[in-house]
Amino acid sequence: AMHTLFGKSNIVCLQEIHGIEGDTNTLDKNFPGFLHFPSFCANPAAGGVCTSISKKSTALFDSIEKQDIMKGRVTLLWCRKNDGKSMVIANVHVVPNMSLGEKKALLRKLHAALPAQDRAFSFLAGDWNFPAAGELRTNLMTGMPVVAHNPIGEYFGEIFAEWA
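Residues numbered from 1 in each chain as written. Predicted model: local features only at pLDDT ≥ 70, side-chain atom pairs only at ≥ 80, totals over all residues. Heavy atoms only, no water.

A. Quick look at the overall build of the chain. Of the regular secondary structure elements, the chain holds five helices and nine strands. Reading the chain from its N end, one meets helices and strands in the order α-β-α-β-β-α-β-β-β-α-β-β-β-α. Each of the three principal axes of the chain carries a C-alpha extent, and together these read 50 × 35 × 30 Å. With 164 residues in all, the chain has 39% of them scored as buried. Counting contacts in the chain only where the partners sit at least 6 residues apart, residues at least 24 apart contribute 53% of the total. Accessible surface, the chain: about 9,200 Å² in total, of which carbon and sulfur atoms supply 57%. Distance between charge centres in the chain, computed from 16 positive and 15 negative side chains, equals 4 Å. (Helix = DSSP H or I, 4+ residues; strand = E, 2+ residues; numbered from the N terminus. Buried < 20%, exposed > 50% of the residue type's maximum accessible area, 1.4 Å probe, protein only. Contact = heavy atoms within 4.5 Å. Areas by Shrake-Rupley, 256 points an atom, 1.4 Å probe, with all protein chains shown as cover. Lys, Arg positive; Asp, Glu negative; His and termini not counted. Charge placed at Lys NZ, Arg CZ, Asp CG, Glu CD.)

Structure representation (structure tokens):
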């Protein structure tokens, strides 16, 4: 599955990669056509994200820099051209057991770190671990669809309103 994913993509965002910095060698060996930008948690058994970009795509940019927003959980990959044009890829893995306050703080920090939409072409990708406001979910007791009411999903819709 991973070879299919990498074979059909120019950008791959992985979550729950676990491990330590040296483990990136496995990605380099198995997917040599990509540059890999991992971020690991202090505990190698937890989290970890990696944004991989094909080498043919990296040739389109003059510089590429990784910025950790929350180590092992949220990173930005800044792909810049000397003429000022940029592409930013946010790779996000929201921890499900974070408190509502912690999740809101993380979303505020991510939002503040992203450039204005007129300054860069940006992607938000990852495992958010919450439903969007108004998203339909299946009630497992009845089998019927119900509208999700989730405070963090609603907050996301507010703080990232310009992205909708």
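The discussion continues.
B. Region of interest: the pattern of salt bridges. Applying the stated criterion across every chain, the model contains four salt bridges. D68 is the salt-bridge partner of K66, the closest N and O atoms lying 3.9 Å from each other. Looking at D68, the relative accessible area reads 32%, which means it is partly exposed. Between D68 and K71 there is a salt bridge; the shortest N-O distance is 3.8 Å. Classification of K71 by relative accessible area gives partly exposed; the value is 47%. What emerges from the salt-bridge pattern is a single network uniting K66, D68 and K71. (Salt bridge = Lys/Arg side-chain N within 4 Å of Asp/Glu carboxyl O.)

C. Looking closely at the nonpolar core. If you look at the biggest cluster of nonpolar residues, it comprises 22 residues, and the most contacted ones within it are L76, V92, V94, L107, L110 and W128. Sorting elements by how many residues they give to this core places helix α4 (residues 100-113) first, with four residues. Non-local contacts of L76, meaning those with residues more than four positions away in its chain, are made with E65, K66, Q67, I69, V88, I89, A90, L110, A113 and L114. (Core = buried A, V, L, I, M, F, W, Y, C linked by side-chain atoms within 4.5 Å.)

D. Structural detail: the environment of K55. Looking at the element boundaries, K55 is found in helix α3 (residues 55-58). With 37 residues separating them in the primary sequence, K55 and V92 have C-alpha atoms 22 Å apart. Sequence-distant contacts of K55, defined by excluding residues within four places in its chain, comprise P32, G33, F34 and L35.

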